[in-house]
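# Structural description and commentary
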Amino acid sequence: MSLLSVRGVGRRFGSVVAVEGVDLAVEPGEVVGLLGANGAGKTTLIRIALGLLVPTDGRVALFGLPPSRETRARLGYVPQGLGLWEDLTVDENLAFGARAFGGPRRPTEDADVRAIGGALVRDLPLGLRRRVAFAVALAHAPELLVLDEPTSGVDPLARARLWDTIRAAAERGAGTLVTTHHMAEADECDRLVIMAAGRVVAQGTTAAIVGDTTALEVATGRWEDAFQVLTDAGVPVALVGRHLRASGVDPARVRAVLAAAAVDAELVVVPATLDEAFVALATRPAA
């Protein structure tokens, strides 16, 4: 039985379609990454999955049952706003979180969080507040973690520590659904679900999603001129080292633009990165 099952879910706000026809599942011990740009519908989908929003279409099941206070007691949730009481101490937040979920409080494994138990949350830097939010979410040994942009705004070291916490929970058998717009975090997930404009445009492993998608690499000694010329012509390019890369473009057009500006360059079709595959998927016209 899936810990979380979403089938054909949609949500409209008046004439605005926020989520449409989404299928998603999370199994025990699995880390599922929900990726997409800001406004893709990730947070709306999370709120539907938790039963905080009623879907316009489709069905949601938590632990095989409709979302309810009882099923939500079996999960740990870190919202974008962290869900902490800033005028309480770290220990008070941990105690409140465990009691709110109706279970005994399990001591946190984060030594840094244990060391600041008497500090008020409002006095902590963002990285530590996020670690406290994780500790609160894990305090009652949940079977499912739902994390909405949990690493947003923290430095790379703090982000790595938070992912260590996510992976440790998965190794104990907890499933995790984590949203992010950081493509670099995709490798931390067992499986990805990519959303754009409220719809799932791809799901599977990173290798499966990239598939045979390709990009165009532009090698030239005049990379500054090439970048300017292509950008002025409306060709989306990114600078990687001193090579330019473009995805979803016609090589003949790139060659013509460079030739018209008398910029000599070698064009090579190469395997796309996940970021490039995502751009191609997100800009693909709806079927």
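Structure shown above.
Residues numbered from 1 in each chain as written. Predicted model: local features only at pLDDT ≥ 70, side-chain atom pairs only at ≥ 80, totals over all residues. Heavy atoms only, no water.

## Re the overall build of the chain
The line we're drawing: To qualify as a helix, a DSSP run of H or I must reach at least 4 residues; to qualify as a strand, a run of E must reach at least 2; elements of each kind are numbered from the N terminus. Residue burial is assigned from relative accessible area. The probe radius is 1.4 Å, only protein chains are included, and a residue is buried under 20% of its type maximum, exposed over 50%, and partly exposed in between. We get accessible surface area from the Shrake-Rupley algorithm with a probe of 1.4 Å; when it comes to residues, only the shown protein chains can shield them. Residues counted as positive are Lys and Arg, residues counted as negative are Asp and Glu, and His and the chain ends are not counted. Each charge is placed at NZ for Lys, CZ for Arg, CG for Asp and CD for Glu.
Each helix and strand counted, the chain has 10 helices and 13 strands in total. Dimensions of the chain, computed from C-alpha atoms along their principal axes, come out at roughly 70 × 45 × 35 Å. Within the chain, the fraction of its 287 residues that count as buried is 45%. Looking at the chain as shown, the accessible area adds up to about 13,900 Å², and 53% of this sits on carbon and sulfur atoms. For the chain, the separation between the mean place of its 29 positive charges and that of its 34 negative charges on side chains is 6 Å.

## A few points about the pairing of strand β10 (residues 214-219)
Note the following rule: A strand pair is defined by DSSP finding two or more bridges across the two strands.
In terms of strand pairing, β10 meets strand β13 (residues 266-271) through 6 bridges, oriented antiparallel. Within β13, the position partnered with T214 by the bridge is P271. Inspection of the sheet shows β10 paired to strand β12 (residues 243-247) by 4 bridges, in the antiparallel sense. Across the sheet, the residue bridging to E217 is R245, located in β12.

## Some thoughts on the pairing of strand β6 (residues 144-148)
For β6, the tally of buried residues reaches 5 of 5 residues, placing the bulk of the element in the interior. Burial of the side chains of β6 extends over both faces: L144, V146 and D148 are buried on one face and L145 and L147 on the other. In this sheet, β6 lies alongside strand β5 (residues 75-78) in parallel orientation, the contact comprising 4 bridges. Counterpart to Y77 in the pairing with β6 is V146. As paired strands, β6 and strand β7 (residues 175-180) are joined by 5 bridges and run parallel to one another. Among the inter-strand pairings, L147 is bridged to a residue of β7, identified as V178.

## Some details on the packing of aromatic side chains
Filter applied, for reference: Each aromatic pair joins two rings of Phe, Tyr and Trp (for Trp, the six-membered one) with centres within 6.5 Å, and gets the label stacked for planes under 30 degrees apart, edge-to-face for over 60, and tilted for any other angle. Comment: the charge-over-ring label is applied if NZ (Lys) or CZ (Arg) is within 6 Å of the ring centre and within 35 degrees of the ring normal.
Per the stated rule, a full pass over the model turns up 1 aromatic pair. Positioned above the aromatic ring of F63, the side-chain terminus of R74 is 4.0 Å from the ring centre.

## Thoughts on unusual backbone geometry
Backbone geometry at E149 places phi at a positive 50 degrees, although glycine is not the residue there. With respect to the helices and strands, the residue E149 is situated in the loop between β6 and α6 (156-171). A relative accessible area of 6% places E149 in the buried class. Positioned with a positive phi, A262 is a non-glycine residue whose angle comes to about 60 degrees. As for its placement among the helices and strands, A262 is situated in the loop between α9 (251-260) and β13. A relative accessible area of 53% means that A262 is categorised as exposed.

## A short note on the sheet that holds strand β4 (residues 57-62)
Which entries qualify depends on this criterion: Note on geometry: axes are C-alpha line fits, over the in-contact stretch for helices, and angles between N-to-C directions span 0 to 180 degrees. Should any heavy atoms of two residues lie within 4.5 Å, those residues are considered in contact.
A sheet is described by the order of its strands in space; here 3 strands give the open sequence β2-β1-β4, paired in antiparallel fashion. Since the sheet does not close on itself, it has two edges, and those belong to β2 (16-26) and β4, each with one partner. On average, each strand axis in the sheet is inclined to that of its neighbour by 20 degrees, with strand direction left out of account. Where strand β1 (residues 4-13) and β4 come together, 5 bridges link them in antiparallel fashion. The residue bridging G10 from the neighbouring strand is D57, located in β4. Along the sheet, helix α1 (residues 42-49) makes contact with β1, β2 and β4, crossing β1 at roughly 120 degrees.

## Concerning the environment of G58
By secondary structure assignment, the location of G58 is in strand β4. Measuring from C-alpha to C-alpha, the distance between G58 and G198 comes to 14 Å, with 140 residues separating the pair along the chain. If sequence neighbours within four positions are ignored, G58 has contacts with R7, G8 and V9.

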